[in-house]
Amino acid sequence: GAYMDEVFLNKRVGHFVVMMLDYFGSMNLANSRNTYNLKPSALKTGDVLLERWQRNGIGHTLVVKHIEPLDAGQMVAELSSGSMPRRQPKWDDAVASKSYFTSEYTGGEGTSYDGDEYVKLGGGIKRWRVTKNVNGSWMNTWMAADEASWISDTDYARLKTRPAEFGTLLGEPDPAKKRDALLVMINDARNHLKNYPASCSARERRESAFRDLYQVAQSAFGQSQQAVDQQYRVLDDYILAELQYQTSKTCCWNSTTEYMYQIIADYAAQEQTRAGACVVPTVFKNSNGYGVWKSFAASTGRALQWKEWTEDEPCAQRNVAVDTELAHDWTPWCSLTH
């Protein structure tokens, strides 16, 4: 409250921002009282795309910022989003945006870690409901022009096809441009991790982009996965490996800093030189705490730069002893030529 008082001299604006923070998260927008499900072909700027990978807790809200028609009935669409931990809004290009539209997290096929079907978690492309007088009663509904554009929130068979439909509806650049765009996505995620090394969403974005890069490199350039890793992988990818969100308390730690990243990176570099030969990098994650990096920070005169773990978002996995790494489909670090 004191912070908001200092920032917002106009208290109405401050109150509005608080309401935005509280009620515009994916868990609220997924509710059919606020938005309704949209057919992919009806996409417009101002619509929202939601990722929901769990019934309770955070997801991802993305806003449709730009649409451009292409030949043969296709289009390109660009999304803007924030993140947890907080960052400035990021306006993604068509390649990065398409990876969101086609994700199973957006109400597609597949099942979450908790056993819930993604399609039943409320993700996908949405449009805001509007208040309208219907036969003398005010209703929270859609405009008449959108009557043919909505899909019932219980029509799961229809809803789960939308990510695949976007795969066809959204156009693709030529392979070289797509490769370059994927590399930008990878570096964006890496840069975010240099400020917030605990960020599980950035780790996931990086690996999702690599999986797409493997495909385009193989199909368009005849390049193997190992060749891609040899050319583009860096040590950071291995020390900041992808974690299973629901069983990793690190994913709730949104207040890690660039100073902590430097401590983690320095420890990993020393780890490689100390043994005199390549060693499997220690992944930055909870393993009965974070004592390895805390001790290293103290031994290098940076004890005050290391922060203790805090529950920066609701964290059902707060008491896990050891975080869970996801299965990695990369080439092992020590199999690369350094």
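Asks: Just to check I follow, could you spell out helix α4 (residues 94-101) for this structure?
Replies: Residues lying three or four places apart along an α-helix face the same way, a consequence of the helix completing one turn every 3.6 residues. Across the 8 residues that make up α4, a large majority, 7, are buried. The backbone nitrogen of valine 95 has a side-chain oxygen 3.2 Å away, supplied by the residue at the start of α4, namely aspartate 93.

Asks: Please explain the packing of aromatic side chains as it appears in this structure.
Replies: What describes a pair of aromatic rings is the distance from one ring centre to the other and the angle between the planes of the rings. Going through the model one piece at a time under the given rule, you end up with 18 aromatic pairs. For the ring pair tryptophan 142 and tryptophan 150, a centre distance of 4.5 Å and an interplane angle of 25° mean the geometry is stacked. According to the relative accessible area criterion, tryptophan 142 is buried, its value standing at 12%. One aromatic cluster in this structure is built from Trp253, Tyr267, Phe284, Tyr290, Trp293, Phe296 and Trp306. Directly above the aromatic system of tryptophan 309 lies the positively charged group of lysine 249, at a separation of 4.3 Å from the ring centroid.

Asks: Explanation requested: the pattern of salt bridges in the structure shown.
Replies: Where side chains of opposite charge bring their charged atoms close, a pairing between them can arise. Considering all chains together, one arrives at 23 salt bridges under this definition. The closest approach of N and O atoms between arginine 127 and aspartate 47, which form a salt bridge, is 2.8 Å. Taken as a pair, arginine 127 in strand β6 (residues 124-128) and aspartate 47 in the loop between β1 (35-38) and β2 (48-51) lie far apart in primary sequence, 80 residues in all. Arginine 127 sits in the buried class, given a relative accessible area of 8%. Overall, the relative accessible area of 2% leaves aspartate 47 in the buried class. Here arginine 179 ties to aspartate 180 by a salt bridge, and the two come within 3.4 Å at their closest N and O atoms. Take arginine 179: its relative accessible area is 24%, and that puts it in the partly exposed class. Each member of the salt-bridge network shares a partner with another, and the members are Arg190, Arg206, Glu207, Asp229, Arg233 and Asp237.

Asks: Where do I start with the nonpolar core in this structure?
Replies: In summary, soluble globular proteins display a tendency toward joint burial of nonpolar side chains. Residues Leu213, Phe284 and Trp306 are the most contacted members of the largest nonpolar core, which totals 41 residues. Listed by contribution, the elements that provide at least two residues to this core are α4, α7 (175-195), α8 (200-221), α9 (225-232), α10 (235-239), α11 (258-274) and α12 (291-299). When neighbours within four sequence positions are excluded, leucine 213 is seen to be in contact with Arg179, Leu182, Leu183, Ile186, Val228 and Tyr232. Tyr36, Leu43, Leu49 and Val64 belong to the second-largest nonpolar core, a separate cluster that totals 17 residues.

Asks: Would you take a moment to explain the state of the cysteines for this structure?
Replies: When the sulfur atoms of two cysteines share a covalent bond, that bond is a disulfide. Counted under the stated rule, the structure contains 3 disulfides. The disulfide partner of cysteine 200 is cysteine 251, and the gap between their sulfur atoms is 2.0 Å. When the S-S torsion is -80°, as for the bridge of cysteine 200 with cysteine 251, the disulfide is left-handed. Of this pair, cysteine 200 sits in helix α8 while cysteine 251 is found in the loop between α10 and α11, placing the two residues 51 residues apart along the sequence. Here cysteine 200 falls in the buried class, since its relative accessible area comes to 8%. Take cysteine 251: its relative accessible area is 5%, and that puts it in the buried class. One disulfide bridge connects cysteine 252 with cysteine 315, the sulfur atoms lying 2.1 Å from each other.

Asks: What am I meant to see in the packing of α4 against α7 here?
Replies: How two helices sit against one another is set out by the angle between their axes and by the gap between those axes. Remark: α4 packs on α7, axes separated minimally by 8 Å, with the N-to-C direction vectors making an angle of 75°. Considering their axes alone, α4 and α7 lie roughly perpendicular with respect to each other. Residues Val95, Ala96 and Ser99 of α4 touch α7, and the partners they reach there are Lys178, Ala181, Leu182 and Met185. The residue makeup of the contact of α4 with α7, split by class, is 5 nonpolar, 1 polar and 1 charged.

Asks: Help me understand the side chain of glutamate 51, please; the structure alone is not making it clear to me.
Replies: Along the chain, glutamate 51 falls in strand β2. Among buried Asp, Glu, Lys and Arg side chains, glutamate 51 stands out as unpaired, with arginine 205 the closest opposite charge at 7.5 Å. Glutamate 51 has contacts with Ser26, Gly59, His60, Leu62, Tyr100, Ser103, Tyr105 and Thr106, leaving out every residue within four places of it along the chain.

Asks: Can you help me understand empty space enclosed by the protein in this one?
Replies: Empty space left among the atoms is revealed by rolling a probe the size of a water molecule over them. Overall, the coordinates contain 1 cavity of 30 Å³ or more when judged by the stated rule. What the largest cavity holds in volume is close to 30 Å³. Lining the largest cavity are Glu207, Arg211, Glu242, Ala327, His328, Asp329 and Trp330. A class-by-class count of the residues in the lining of the largest cavity yields 2 nonpolar, 1 polar and 4 charged.

Asks: What is the right way to look at the layout of surface pockets in this model?
Replies: By volume, the second largest pocket is sized at about 190 Å³. Contributing to the lining of the second largest pocket are 15 residues, with Ala30, Lys120, Gly122, Lys126 and Asp153 lying nearest its centre. By residue class, the composition of the lining of the second largest pocket is 5 nonpolar, 6 polar and 4 charged.

Reading the values: rules and limits
- Residues numbered from 1 in each chain as written.
- Predicted model: local features only at pLDDT ≥ 70, side-chain atom pairs only at ≥ 80, totals over all residues.
- Heavy atoms only, no water.
- Buried < 20%, exposed > 50% of the residue type's maximum accessible area, 1.4 Å probe, protein only.
- Helix = DSSP H or I, 4+ residues; strand = E, 2+ residues; numbered from the N terminus.
- Polar contact = N/O pair within 3.5 Å; in protein donor to acceptor, adjacent residues only side chain to side chain.
- Phe/Tyr/Trp six-rings, centres within 6.5 Å; stacked < 30°, edge-to-face > 60°.
- Lys NZ or Arg CZ within 6 Å of the ring centre and 35° of its normal.
- Salt bridge = Lys/Arg side-chain N within 4 Å of Asp/Glu carboxyl O.
- Core = buried A, V, L, I, M, F, W, Y, C linked by side-chain atoms within 4.5 Å.
- Contact = heavy atoms within 4.5 Å.
- Disulfide = S-S within 2.5 Å.
- Axes fitted to C-alpha atoms, helices over the stretch in contact; angles between N-to-C directions.
- Parallel < 35°, antiparallel > 145°, perpendicular 65-115°, else oblique.
- Nonpolar A, V, L, I, M, F, W, Y, C, P; charged D, E, K, R; others polar.
- Lys, Arg positive; Asp, Glu negative; His and termini not counted.
- 1 Å grid on protein atoms, 1.4 Å probe; cavity = no way out; pocket = protein on both sides within 12 Å on 5 of 7 lines; lining within 4 Å.
- Points joined across faces, edges and corners; volume = space filled by probe spheres on them.

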